[in-house]
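# Notes for the structure review
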Amino acid sequence: MRLAADAGVPSLVRGLERVWESAHDEAGWVTTTDHKKIGARYIATAFVFFILGGIEALVMRAQLALPGQALVDPATYDGLFTMHGTTMIFLFATPMLSGFGNYLVPLMIGARDMAFPRLNAFGYWVFVLAGLLMYLSFPASSLPQNGWFAYTPLSGPAYSPESGIDFWSLGLIFLGIATTVGGINFIVTIAKLRAPGMSVDRMPLFVWNILVTAIAMVFAIPSLTVAAALLELDRYIGTHFYDPAGGGNPLLWQHLFWIFGHPDVYIIFMPAAGMVSSILPVFVRRPIVGYPALVLASVLTIAIGFGVWAHHMFAVGLPVQALGFFSAASMLIAIPAGLQMAAWIATIWAGRALWSTAFLFAVGFIVLFLLGGLTGVMLGALPFDWQVTDSYFVVAHFHYVLFGGMVFPLFGAFYYWFPKMSGRLLDERLGVANFVTMFVGFNLAFFPMHIAGMLGMPRRVYTYPGGSALDALNLLSTAGSFLIAVSVVIFIANWAWASRRGHVAGADPWASNTLEWATASPPPVYNFDRIPMVRSRDPLWDKRTPRTASEPADLATSRRQTFGTSPIEARAETYLRMPMDSLAPALAAAALFVLFAGLLLKFLVVVALGAVLVIAAVVLWLWPTREVRGAHLPIDDAPRAIEPGRAPGWWGVALLVGTDATMFVALLASYFYLGFAANASWPPPEIERPKLLMPLIGSALLLGSSAPIAWAERAIARGDRTRLLIGLVVGWLMSAAFLTVQGFEYLQKTFAPQTNAYGSLFFTITSFHGLHVVSALVLVAVLVARGLRGQFSRDRHLAVQNVALWWHFVGGAWVAIFAALYLSAQVLR
Amino acid sequence: MNRDRLLWLCVATPITAWAAQLLLAYFLASLACFKGIALPVASHLVTVAALIATVGALLVTRRIRSDLGAGGAFLASVSALGAAVLLVGIALGELALLFVRGCA
Ligand code: HEM
Ligand SMILES: [Cu+2]
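It should be emphasised that the depicted structure is a prediction, and the values quoted were computed from it without experimental measurement.

### Looking at the overall build of chain B
Looking only at helices and strands, chain B has three helices and zero strands in total. For chain B, the succession of helices and strands along the chain, N to C, is α-α-α. With respect to the three principal axes, the spread of C-alpha positions in chain B is 50 × 25 × 15 Å. Out of the 104 residues belonging to chain B, those deemed buried represent 38%. Taking the intrachain contacts of chain B between residues at least 6 apart in sequence as the baseline, contacts between residues at least 24 apart amount to 78%. Summed over all atoms, the accessible surface of chain B reaches about 5500 Å², with 72% contributed by carbon and sulfur.

### Some words on unusual backbone geometry
Residue and element names in this part refer to chain A. With an omega of -15 degrees, the peptide bond between S521 and P522 qualifies as cis. If you trace the backbone, P522 turns up in the loop between α16 (470–501) and α17 (553–556). Residue P683 follows W682 across a cis peptide bond; omega there is 5 degrees. Relative to the helices and strands, P683 is located in the loop between α21 (648–677) and α22 (693–704). One non-glycine residue, D390, lies in the positive phi region at around 60 degrees. In this fold, D390 is placed in the loop between α13 (382–388) and α14 (392–422). The backbone phi angle of A570 is positive, close to 55 degrees, even though this residue is not glycine. Tracing the chain through its elements places A570 in the loop between β1 (561–565) and β2 (572–577).

### Some thoughts on the coordination of the iron atom of ligand 1
Residue and element names in this part refer to chain A. Here the iron atom of ligand 1 is held by the protein donor atoms H84 (NE2) and H399 (NE2), which lie 2.0 Å from it. Because the angles between the six donor atoms bound to the iron atom of ligand 1 fall within 89 to 179 degrees, the donor set is best described as octahedral. Of this pair, H84 sits in helix α4 (residues 74–108) while H399 sits in helix α14, and the two are 315 residues apart along the sequence. Across this residue pair, the class does not change: H84 and H399 are buried.

### Quick notes on the coordination of the copper ion (ligand 2)
Residues and elements named next belong to chain A. Bound to the copper ion (ligand 2) are the protein donor atoms H262 (ND1), H311 (NE2) and H312 (NE2), situated 1.7 to 2.1 Å from the metal. All donors of the copper ion (ligand 2) belong to a single chain; written as a sequence motif, their spacing is H-x48-H-H. Of this pair, H262 sits in helix α8 (residues 250–284) while H312 sits in the loop between α9 (291–305) and α10 (320–332), and the two are 50 residues apart along the sequence. With relative accessibility at 29%, the residue H312 sits in the partly exposed group.

### So, the interface of chain B and chain A
Interface size, as often reported, equals the accessible area lost upon joining of the parts. In this complex, chain B contributes 38 residues to the contact, which on the side of chain A involves 33 residues. Both faces combined, the contact of chain B with chain A buries some 2900 Å², and carbon together with sulfur accounts for 81% of it. At the surface where chain B touches chain A, the tally comes to zero salt bridges. Here the residues of the side of chain B that touches chain A are counted per class, giving 27 nonpolar, eight polar and three charged.

### Concerning the site of ligand 1
Residue and element names in this part refer to chain A. Around ligand 1 sit 21 residues in total, of which Y77, H84, W148, H399 and R460 are the nearest. Within the side chain of H399, an N or O atom sits 2.8 Å from a nitrogen atom of ligand 1. One of the backbone nitrogen or oxygen atoms of R460 is found 2.6 Å away from an oxygen atom of ligand 1. When residues of the shell around ligand 1 are traced back to their parent elements, those giving at least two are α3 (35–64), α4 and α14. Looking at the shell around ligand 1 residue by residue, the classes come out as 13 nonpolar, five polar and three charged.

### Considering the packing of helix α7 (residues 205–237) of chain A against α9(A)
Residues and elements named next belong to chain A. It is the contact of α7 with α9, at a shortest axis distance of 9 Å, that shows an interaxial angle of 10 degrees. Relative to α9, α7 is oriented roughly parallel. Across from L205, W208, N209, V212 and A216 in α7, the residues of α9 making contact are Y291, L294, V295, S298, V299 and I302. For the contact of α7 with α9, the class distribution of residues is nine nonpolar, two polar and no charged.

### Notes on the pattern of salt bridges
Residues and elements named next belong to chain A. Applying the stated criterion across every chain yields a total of 14 salt bridges over all chains. Across the salt bridge formed by E551 and R112, the nearest N and O atoms sit 3.0 Å from each other. Taken together, the residues E551 in the loop between α16 and α17 and R112 in the loop between α4 and α5 (117–135) connect sequence positions 439 residues apart. Of the residues examined, R112 reaches a relative accessible area of 0% and is grouped as buried. Measuring nitrogen to oxygen at the nearest pair gives 3.4 Å for the salt bridge that ties D720 to R723.

### Some words on the confidence of the model for chain A
Residue and element names in this part refer to chain A. When pLDDT is averaged across chain A, the result is 92; 96% of the residues are at 70 or more. Summarising per-element confidence for chain A, the mean pLDDT is lowest in helix α20 (residues 626–629) (47) and highest in α3 (98). Counting interchain partners and residues more than four positions distant, the pLDDT-below-50 stretch residues 1–7 has 22 contacts. Note on residues 628–643: pLDDT is under 50 here. Beyond four places in sequence and across chains, it has 32 contacts.

### Notes on the packing of aromatic side chains
All names here are of chain A. Taken as a whole, this structure holds 86 aromatic pairs over all chains when the rule is applied. Summarising the aromatic geometry, the rings of F283 and Y416 are spaced 5.9 Å apart at their centres and angled 70 degrees between planes, so their arrangement reads as edge-to-face. With F283 in helix α8 and Y416 in helix α14, this pair connects stretches of sequence that are 133 residues apart. Of the two residues, F283 and Y416, neither departs from the other in class, the shared state being buried.

### Focus on the nonpolar core
All names here are of chain A. M96, F100, W344 and M406 are the most contacted members of the largest nonpolar core, which totals 282 residues. Counting residues per element, this core draws most heavily on α8, which supplies 20 residues. The residues that make up this core include at least three from each of domain 1 (33–515) and domain 2 (657–827). Beyond its immediate stretch of four places on either side in the chain, M406 contacts F92, A93, M96, L97, I268, A272 and V401.

### A closer look at the domain arrangement of chain A
All names here are of chain A. Per the domain assignment, the segments of chain A are domain 1 (33–515) and domain 2 (657–827). Placing the centre of domain 1 and that of domain 2 at their C-alpha centroids yields a distance of 37 Å. At the junction of the two partners, domain 1 supplies 21 residues and domain 2 supplies 17 residues. Taken over both partners, the interface formed by domain 1 and domain 2 buries close to 1500 Å², and the fraction arising from carbon and sulfur atoms is 72%. Counting every contact that joins domain 1 to domain 2 gives zero salt bridges. For the side of domain 1 that touches domain 2, the secondary structure elements donating two or more residues are α7 and α8. Of all the elements, α7 adds the most residues to the side of domain 1 that touches domain 2, at eight residues.

Rules used in this analysis
- Residues numbered from 1 in each chain as written.
- Chains lettered and ligands numbered in written order.
- Predicted model: local features only at pLDDT ≥ 70, side-chain atom pairs only at ≥ 80, totals over all residues.
- Heavy atoms only, no water.
- Helix = DSSP H or I, 4+ residues; strand = E, 2+ residues; numbered from the N terminus.
- Buried < 20%, exposed > 50% of the residue type's maximum accessible area, 1.4 Å probe, protein only.
- Contact = heavy atoms within 4.5 Å.
- Areas by Shrake-Rupley, 256 points an atom, 1.4 Å probe, with all protein chains shown as cover.
- Donors = N, O, S within 2.8 Å, 3.2 Å for Na, K, Ca; no water.
- Tetrahedral: all angles 85-135°; square planar, octahedral: opposite > 155°, others 65-115°.
- Buried area = accessible area lost by both parts, 1.4 Å probe.
- Salt bridge = Lys/Arg side-chain N within 4 Å of Asp/Glu carboxyl O.
- Nonpolar A, V, L, I, M, F, W, Y, C, P; charged D, E, K, R; others polar.
- Near = heavy atom within 4 Å.
- Polar contact = N/O pair within 3.5 Å; in protein donor to acceptor, adjacent residues only side chain to side chain.
- Axes fitted to C-alpha atoms, helices over the stretch in contact; angles between N-to-C directions.
- Parallel < 35°, antiparallel > 145°, perpendicular 65-115°, else oblique.
- pLDDT = per-residue confidence, 0-100.
- Phe/Tyr/Trp six-rings, centres within 6.5 Å; stacked < 30°, edge-to-face > 60°.
- Core = buried A, V, L, I, M, F, W, Y, C linked by side-chain atoms within 4.5 Å.
- Domains from an automatic or database assignment.

Written out as structure tokens, the structure reads:
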């Protein structure tokens, strides 16, 4: 099957180029929304962070090469392992895989871009700026020193008064925005933009794995964001979330962090596993064995992955029986892992292998990941974990899982997809050298750590006493680390050489099976001139004559568009219009940077400035551009809808609601968690029981405001612009009144966020909700402004639907808060 | 109910049941250890409820499978296999309940 631009349609191709090209100047560089450019930037930037994290690791290994050295002092060593772990997990592994996802997913599913191209650009800029923010801790000589999981109370204000941890946690909150919008974008893209005919049973496994990863992102990141935000509140304004003296609990941090942290392991591993599932069949020349088993394994792993967080807390004194459950769950997760392994090995077994570099890395991955999995099962057993927790055994284990499980597939992916991205092949002899040095170096570096750990070498120590077996083991580890560095240098050389001189690859150098190989290398800006019809799981191995989905050429060349299809069966529903390039995403990211920099500097004026800029950028973003309003383009989105489903925008808002709701759940769970630990009553005895009258009035206003908003939405669906405006304004006023009532209630409180943990929770939860109300007010104000200009009609009012959904969510969240903070207090106090 | 919705419900139920068992068991164990309120029967009831919900979802999945398109049928099969694994998980949780005792 070959779909690459054929000569018969030069006018189509020229038309597509005209609508899809970005401007070829600096402005075009910043404003582009092309998923391929953004994906490539993610990959390049994450690679830079890999080098930085690698240098940090080499300094540590140099320090540990011999006993009793003083290359770095203990504090610097602490900073190095913290920055190394943080960089590798957050700034290298996750964004690197997002980069591949960004580049490949639209191509693999036969779409012309991601569902939300501007959000995609925004995510990239946020990632770069968040990484920059964290790395500013180097010039500020204020490295975070608390390890990549920053346990309280060590990271709290009492024991870490320096600003290092603020770089870390503000950076992570900032970065979380990028990861979350990225996750939402992947989910909607995969659910709605697949080429007609690509039902879920025909989706490439890489796409499946990106999908489950994205779901994990959307629901795991909120927990980290809440954890880090509460930490900053403790540090900045003296709340008591993690401070036992004020009724808080340091274990709250551990719970919140690991509810994020364990799924995060799969956020890193799943896309890498998807790479392996893509590479193996191509190089053994047969379809993958056990496709359903692999899908099942991915879905189950992510789902169960949310229920095993406490296995990181085996040593903190949870009830033994509870440890039993978490231990059982951790064992359960071995079932899907085993399935996956079995399917991969069977695939190799059943085919005839072509030992290319990409395949070597995939096989290397299987070997290393098996070892890492085995030590993982050992650690899942309580008594063993108690023995080696916080020793080098653990360091060895997670490098086998992370390095073996992610870096090896990644290098395989480089060799496999580099030709697609650049049009040229990497050199295979250098490739083999790359693989051999990395495999040998890796095992030399990390295998001895198992033994060092069992001999009792603790992790996170800057040196160790000489004269024992540890000397030789550490020297080996250091030698191995430098061999890994050599391997990476070989790779960079290969990359640099091949970009200019490598063999020209052609559209499909490996005779592959999936759609990204059906278009030229590198792909044209519009990906596909005609969108393929998919009729099997391996469309390029399909012997039948290829077919394309019908799409009127005049429409395809008059605006950016791709197919919108149904989520399960991928039936064509509509042609989706995609936005043009825009400066708003970069501006919004820069505005957020100002905001976070202000927080870091504790400079309220800068924070306020940042907040104003963010709002301005969002308004600019939401304001429709000329191309969309102009008369030369078809106005309505779904003129030839075959079977209309929900618009991608609605899905996006729904997922945003999901991630936000998770944050509220984390906050309310924290409320009850700390309340559970409090002895007598919750709120504590020194705090009076909350009164109900004012809050009831406020609640009535807020919940009631949903009615005029819903009424307005229904009005515009009938084309009634006047009622739309009336409903919006009435809803706005009611909600503003709610905020006023809430303000009065604040004034009447006899306690403050600093009084005790209860006060901290009360004010944090209610004001976090208040921020949501403010955001809803801003959005409705934008709607009113647009409505006054007559921008909504019966067929065009998606923005109204989306804001209404957000509005109802803000009301719904209040119901939960009211029940927890006000009603439960009547009983528990 | 709309067939697609029913399918999603069948996909979501087993995992929710398993998660609920885990969380409730953790909560009940904490209640027993830190508050001295032991409710042993409650935890077994939770197991039973989780088992019933999961098996129920399995049966419904089997019932609707034949009415679905290729993609839907695939999801139904994957979900049924997943439910089977989660049944093992719920059983493992019950084993922990029966054989692992105590607080510290
Ligand atoms: C380039 C090869 C690498 C080397 C030589 C290396 C070496 C090290 C060393 C020496 C430590 C500190 C051990 C201690 O003092 O406790 C460490 C910690 C860590 N590494 Fe690596 N590493 C490498 C790659 C990676 C990769 C690719 C990842 C993840 C994708 C990673 C994730 C981590 C994490 C999460 C920690 C824990 C940091 C902490 O204790 O807070 N490393 N590594
Ligand atoms: Cu874990």
